[in-house]
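Structural characterization, general
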Amino acid sequence: MQFIQSTVGRKIIMAVTGLILISFICVHLLGNSSVFFGADGINAYAKHLHDLGPLVWVFRLIMLAVFGIHIIFGIQLTLENRAATPGSYAVKKMARANFASETMIVSGLLLLVFVAYHILHFTMHVTNPEISASHLPVDALNRPDVFSMVVLSFQKFIISLIYVAAMVFLFLHVSHGFQSFIQTFGFNNGSSLPVVEKVSKGVALVLLFGYISIPILIIAGIVKI
Ligand code: HEM
């Protein structure tokens, strides 16, 4: 209890849950890249995942808890920091504060909105049911046609725009979040800070270009049905 109430304890919880979320985002990107191998790639991948049955639900519940804890503690830490530094906008007290570090709460909450939309879109098939895998015909091997769902979705300009914008928020959030994780665990001293900053930005850039390549290559007509 004391651990959770201390600022250091909360920062450690933010760092550990953040690392779990970044790991999920990296694995999810690798899985989504199977879209470049056509229906045989992503439909097979999605079927393997769904065949895991109850394990998928165990994983979903764990991830939901991790995501929830990360958000609640993130909001709490932000409110505490703001209360502790009245007029913090006038006096920049953070070392090397930048746009990404000062907008963590905004980029984080926008990502929450995106994830809610994304699950309604691709997992629950609520937002565009007519082009969802549960309404489209199954593929030649009797698998839900996730490939057509993804391609038909991103062929709609507004959907691609939402995803690309969300990936920019993801870039901002990870570019500072990864760096905070390293600092929380004391893996850096003053002189290694520039290296830590570069590594964080590098990880965030790989995620940005990896993810936006999917809607961009689809809208450009390079990946198509
Ligand atoms: C171009 C970008 C993306 C594509 C094409 C994509 C694709 C998908 C697909 C097809 C599913 C449904 C899986 C299924 O139920 O079979 C899914 C689920 C999900 N995605 Fe994404 N995704 C993208 C970006 C992201 C990002 C950036 C995040 C996190 C910030 C994310 C988080 C999730 C989550 C939490 C789920 C629910 C997992 C589940 O159903 O258990 N996705 N995604």
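Our subject in this report is the structure included herewith. (Residues numbered from 1 in each chain as written. Predicted model: local features only at pLDDT ≥ 70, side-chain atom pairs only at ≥ 80, totals over all residues. Heavy atoms only, no water.)

Some remarks on the side chain of S160
Mapping S160 onto the fold places it in helix α8 (residues 157-184). Judged by its relative accessible area of 5%, S160 falls in the buried class. Setting aside residues no more than four positions away along its own chain, S160 makes contact with F154, P215 and I219. (Helix = DSSP H or I, 4+ residues; strand = E, 2+ residues; numbered from the N terminus. Buried < 20%, exposed > 50% of the residue type's maximum accessible area, 1.4 Å probe, protein only. Contact = heavy atoms within 4.5 Å.)

Some points on the site of the ligand
By nearness alone, 20 residues border the ligand, and H28, N32, H50, R60 and H118 come closest of all. Within the contact set of the ligand, an oxygen atom lies 2.6 Å away from a side-chain nitrogen or oxygen of R60. Listing elements by their share of the shell around the ligand, those giving two or more residues are α2 (7-32), α6 (104-123), α7 (146-154), α8 and α9 (193-219). With 6 residues, the single largest contributor to the shell around the ligand is α6. Residue classes in the shell around the ligand are distributed as 14 nonpolar, 5 polar and 1 charged. (Near = heavy atom within 4 Å. Polar contact = N/O pair within 3.5 Å; in protein donor to acceptor, adjacent residues only side chain to side chain. Nonpolar A, V, L, I, M, F, W, Y, C, P; charged D, E, K, R; others polar.)

A look at the pattern of salt bridges
Enumeration over the complete set of coordinates arrives at 4 salt bridges. Here E80 ties to R10 by a salt bridge, and the two come within 2.2 Å at their closest N and O atoms. Taken as a pair, E80 in helix α4 (residues 54-84) and R10 in helix α2 lie far apart in primary sequence, 70 residues in all. Residue classification places R10 among the buried positions, given a relative accessible area of 9%. Its salt-bridge partner being R143, residue D139 comes within 2.8 Å of it at the nearest N-O pair. No difference in accessibility class separates D139 from R143, as the two residues are buried. Among the charged side chains, a network of salt bridges with common partners joins D40, D139 and R143. (Salt bridge = Lys/Arg side-chain N within 4 Å of Asp/Glu carboxyl O.)

Geometric values such as these leave the question of function open.
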